Amino acid sequence: MITRVPRSSWDETHFGKMGSYYINRTFFFDVHPPLGKMLVGLAGYLSGYDGTFLFQKPGDKYEHHSYLGMRGFCAFLGALLIPFAYLTVLELSQSLPAALLTAALLTFDTGCLTLSQYILLDPILMFFIMAAMLSMVKYNSCANRPFSAPWWLWLSLTGVNLAGALGVKFVGLFIILQVGWNTLSDLWHLFGDLSLSMVTVGKHLTARVLCLIVLPLALYTATYAVHFMVLNKSGPGDGFFSSAFQARLSGNNLHNASIPEHLAYGSVITVKSARMAVGYLHSHGHLYPEGIGAHQQQVTTYLHKDYNNLWIIKKHNTNSDLLDPSLPVEFVRHGDIIRLEHKETSRNLHSHYHEAPLTRKHYQVTGYGINGTGDSNDFWRIEVVNRKFGNRIKVLRSRIRLIHLVTGCVLGSSGKVLPKWGWEQLEVTCTPYLKETLNSIWNVEDHINPKLPNISLDVLQPSFPEIMLEAHMVMIRGNSGLKPKDNEFTSKPWHWPINYQGLRFSGINDTDFRVYLLGNPVVWWLNLLSIALYLLSGSIFAVAVQRGARLPAEVEGLSQVLLQGGGQLLLGWMIHYFPFFLMGRILYFHHYFPAMLFSSMLTGLLWDTLLRLCAWSLASFSLAGHVHALGILSLLLGIAYSFYLFHPLAYGMVGPLAQDPRSPMAGLRWLESWDF
């Protein structure tokens, strides 16, 4: 008997940690909207979890920490996918066997089971997608009773679930597109119904605007209001956001802070990029590698608070201690020539004609000199955007540019991630292109100068619309910059429908308890075959109907189910799958699962319809009445048996890997790319 010690698994280290942040009210940054993580945190809080587990890496023991509430919540929502799919197919096909077959496909899929038993966003996202789909087909079924209580209920629930899907991940936009297309088609049909007055059509339009646009937007906005209200303490996400945003976070050095208003020589400062999610001008003792420009100290941008973000602003032609109380205060003014000396290493911000490490035709930026003594390539002219020469420079509020005096280039961050030699921080360059862009605009954030009076920063706190807009800009940029973790398999969209390669959830070698995310191959390959068969059979029926062929009543009814109900499901699969081919971000196998739900529903509807057509065509034979029942039963038994074979993938394996002939899973490694 296997004795299993509860451990964290794969992305639980990500989303479980974020649940902890909500419980501790600690601000963090994530590339996804907040609703899913908030619900995970709420489930943990209600089940007695105190938010103290560190979630550092997969495989960490949970020990005494109460993690079951969060896992149980995700499992509960994952389990609801089955009745939602059942009811959706039942509504579209009016066939109990079709709905049962669909439910079986999802019940016996090892992939859906694996995703649903851990602290992940996927079961939450799929719950809202399926709930929105079910609500949509339900309100479509009420079309003959417009403005009745059930009609309003399902229309409103569709809007609520759309907000939920988008509030968990931005791919929730795909179900919004599907509902939007259905709504436009519905309104176009109503507009062409001459028995309806324009007032009635206007009422239909207003109802859909209120329930499918206004209501979801209000709920989506409300999730952010709660998000910002709960996360009011400084945390690891601060550096991704602007200085003004950070001023609202308790514990941040800018919260309720008082700092000198105008920049002066001798001040210790941090310089932050105006481009969101770029961070602070940063340096450290590591040098650029041989062959990467000059072998001098690296200068980067870094998203987190750090002593290596501190710089001393000095005159270009003197190295005296400007904080000496006996010397008068000299303010830095627009147009001054300055040096920036890195406080921790005493090297100056420097540029020259060597090419930048990643961006062609840009110049390299380095740290150079000894104890503040360098050369003329350390001189920069500080300019305030849209200001006159001689004006003082305000902390936080002045948007500044640094022009290199020798080369004439402008200091900026390309936003490109450096390789491991650069600690995967962001590249800083000096660009010869002088056009004003956010890449080359900075502001002074921290400002330490004991010779100057302080002012309060409360006046800088942004409004809620400004906070929400900034959060979305940072998330969009974060999504585009996602990179794989060490030893992590990524995949391509064409891999997904064929179940080409899975994903390790926990364990690597034969002594580990291993869970492997892979779809039940019988289910997935049946789904893939069903899509091909649907395209063929659907095309035949569509051509027949278009050409005015006279079909028997029963066949005509089945063709309508196939074309209308199946068409909705095929559209759902396409909308949730094909956009991934256009995405530049990193992709994983689990991104396909929303599309897999639609292909499973299409499979259930298609095979029920085809078997009914077979039974009808064999009506003259004695066994014709049993063809449909035998076909459905065979499919159910085959799917169930395949789950019996592959269930260890979801529930856990120990012992030799499948590549080893001694492994009990050796005979089930049907593709070489499966590495369980």
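The rules behind each value
- Residues numbered from 1 in each chain as written.
- Predicted model: local features only at pLDDT ≥ 70, side-chain atom pairs only at ≥ 80, totals over all residues.
- Heavy atoms only, no water.
- UniProt positions renumbered as here; feature names shortened; annotations may be inferred.
- Helix = DSSP H or I, 4+ residues; strand = E, 2+ residues; numbered from the N terminus.
- Contact = heavy atoms within 4.5 Å.
- Areas by Shrake-Rupley, 256 points an atom, 1.4 Å probe, with all protein chains shown as cover.
- Lys, Arg positive; Asp, Glu negative; His and termini not counted.
- Charge placed at Lys NZ, Arg CZ, Asp CG, Glu CD.
- Axes fitted to C-alpha atoms, helices over the stretch in contact; angles between N-to-C directions.
- Parallel < 35°, antiparallel > 145°, perpendicular 65-115°, else oblique.
- Nonpolar A, V, L, I, M, F, W, Y, C, P; charged D, E, K, R; others polar.
- Buried < 20%, exposed > 50% of the residue type's maximum accessible area, 1.4 Å probe, protein only.
- Pairing = 2+ DSSP bridges.
- Phe/Tyr/Trp six-rings, centres within 6.5 Å; stacked < 30°, edge-to-face > 60°.
- Lys NZ or Arg CZ within 6 Å of the ring centre and 35° of its normal.
- Disulfide = S-S within 2.5 Å.
- Expected span 1.5 Å × (residues − 1).
- Polar contact = N/O pair within 3.5 Å; in protein donor to acceptor, adjacent residues only side chain to side chain.
- Salt bridge = Lys/Arg side-chain N within 4 Å of Asp/Glu carboxyl O.

Going by what an unreviewed UniProt entry lists, the chain is known as Dolichyl-phosphate-mannose--protein mannosyltransferase and is assigned to Balaenoptera acutorostrata. The UniProt entry for the chain carries the following comment under Pathway (unreviewed entry): "Protein modification; protein glycosylation." The chain has a UniProt comment under Sequence similarities (unreviewed entry) that states "Belongs to the glycosyltransferase 39 family."

A. The overall build of the chain, seen in detail. Within the chain, the secondary structure is distributed over 16 helices and 16 strands. Dimensions of the chain, computed from C-alpha atoms along their principal axes, come out at roughly 110 × 75 × 50 Å. Sequence-distant contacts, at least 24 apart, represent 74% of the contacts inside the chain between residues at least 6 apart. Of the roughly 29500 Å² of accessible surface on the chain, 63% is carried by carbon and sulfur atoms. Positive and negative charge centroids in the chain, built from 50 and 43 side chains respectively, lie 4 Å apart.

B. Looking closely at the packing of helix H7 (residues 149-168) against helix H8 (residues 173-191). Where H7 meets H8, the axes come as close as 8 Å, and the angle between the chain directions of the two elements is 150°. One element, H7, and the other, H8, form an angle in the roughly antiparallel class. Counting all contacts with H7, which are made through Thr-158, Leu-162, Ala-165 and Leu-166, the residues of H8 involved are Leu-173, Ile-175, Ile-176 and Val-179. Counted by class, the contact of H7 with H8 contains 7 nonpolar, 1 polar and no charged residues.

C. The pairing of strand S5 (residues 311-315), seen in detail. For S5, the buried fraction is high: 4 of the 5 residues fall into the buried class. In this structure, strand S2 (residues 268-273) lies alongside S5, joined through 2 bridges in antiparallel fashion. Its bridge partner being in S5, Val-268 is matched across the sheet by Ile-312.

D. Region of interest: the packing of aromatic side chains. One pass over the full model with this rule turns up 39 aromatic pairs. Between Trp-524 and Phe-593 the ring centres are 5.2 Å apart and the planes differ by 70°, which places this aromatic pair in the edge-to-face class. Highlighted residues: Trp-524 in helix H12 (residues 521-546) and Phe-593 in helix H14 (residues 593-617), separated in sequence by 69 residues. Here Trp-524 falls in the buried class, since its relative accessible area comes to 2%. For Phe-593, a relative accessible area of 0% corresponds to the buried category. Chaining the aromatic ring pairs together yields one cluster made of Phe-174, Trp-496, Trp-524, Trp-573, Tyr-577, Phe-578, Phe-580, Phe-581, Phe-589, Tyr-592 and Phe-593. The cationic tip of Arg-248 hangs over the ring face of Phe-245; the distance from NZ or CZ to the ring centre is 5.3 Å.

E. Layout of the environment of Leu-633. Topologically, Leu-633 is positioned in helix H15 (residues 624-646). In this structure Leu-633 comes out as partly exposed when scored by relative accessible area, which is 45%. Taking the C-alpha atoms as reference points, Leu-633 and Pro-357, separated by 276 residues in sequence, lie 63 Å from one another.

F. Molecular detail of the state of the cysteines. According to the stated counting rule, one finds 1 disulfide in the structure shown. What pairs with Cys-409 in a disulfide is Cys-430, and their sulfur atoms sit 1.9 Å apart. Between Cys-409 and Cys-430, the disulfide has an S-S torsion of 95° and is therefore right-handed. One end of the pair, Cys-409, is in the loop between strand S10 (400-404) and strand S11 (410-417); the other, Cys-430, is in strand S12 (residues 426-431), and 21 residues separate them in sequence. Considering cysteine sulfurs only, Cys-112 is the nearest to Cys-74, which forms no disulfide, with 14 Å between them.

G. Molecular detail of H12. In this model H12 runs 37 Å from its N-terminal to its C-terminal C-alpha over 26 residues, within 8% of the 38 Å that 1.5 Å per residue would give. Within the span of H12, buried status applies to Pro-521, Val-523, Trp-524, Leu-526, Asn-527, Ser-530, Ile-531, Tyr-534, Ser-537, Gly-538, Phe-541 and Ala-544. Between the side-chain oxygen at the start of H12 and the backbone nitrogen of Val-522 there is a gap of 3.1 Å, and the oxygen is on Asn-520.

H. Highlighting the packing of H8 against helix H9 (residues 198-230). Running from N to C, H8 and H9 cross one another at 170°; their axes reach a closest spacing of 10 Å. Classed by the angle they form, the pair H8 and H9 counts as roughly antiparallel. Contact with H8, carried on its side by Val-179, Thr-183, Asp-186, Leu-187, Leu-190 and Phe-191, involves Met-198, Val-201, His-204, Leu-205, Arg-208 and Leu-212 of H9 and no other residues of that element. Taken together, the residues of the contact of H8 with H9 sort by class into 8 nonpolar, 2 polar and 2 charged.

I. Here's a closer look at the side chain of Ser-642. Structurally, the position occupied by Ser-642 is in helix H15. Its relative accessible area of 2% is what places Ser-642 among the buried residues. Here the side chain of Ser-642 touches Ile-639 through a polar contact of 2.6 Å, landing on its backbone oxygen. Those residues within four positions of Ser-642 in sequence are excluded, and the remaining contacts are Asn-520 and Val-522.

J. Representation of unusual backbone geometry within the structure. For Arg-25, which is not glycine, the phi torsion reads 60° and is therefore positive. Here Arg-25 is to be found in the loop between helix H1 (12-24) and helix H2 (35-46). Not every positive phi belongs to a glycine, and Lys-361 is a case in point at roughly 70°. The topology assignment puts Lys-361 in the loop between strand S7 (348-355) and strand S8 (363-368).

K. Spatial organisation of the pattern of salt bridges. Throughout the structure, instances matching the rule amount to 11 salt bridges. With a shortest N-O distance of 3.1 Å, Glu-91 and Lys-138 are connected by a salt bridge. Taken together, the residues Glu-91 in helix H3 (residues 68-93) and Lys-138 in helix H6 (residues 122-141) connect sequence positions 47 residues apart. Ionic pairing is found between Lys-420 and Glu-424, a salt bridge with its closest N-O pair at 3.3 Å. Relative accessible area serves as the criterion here: at 40%, Glu-424 is assigned to the partly exposed category.

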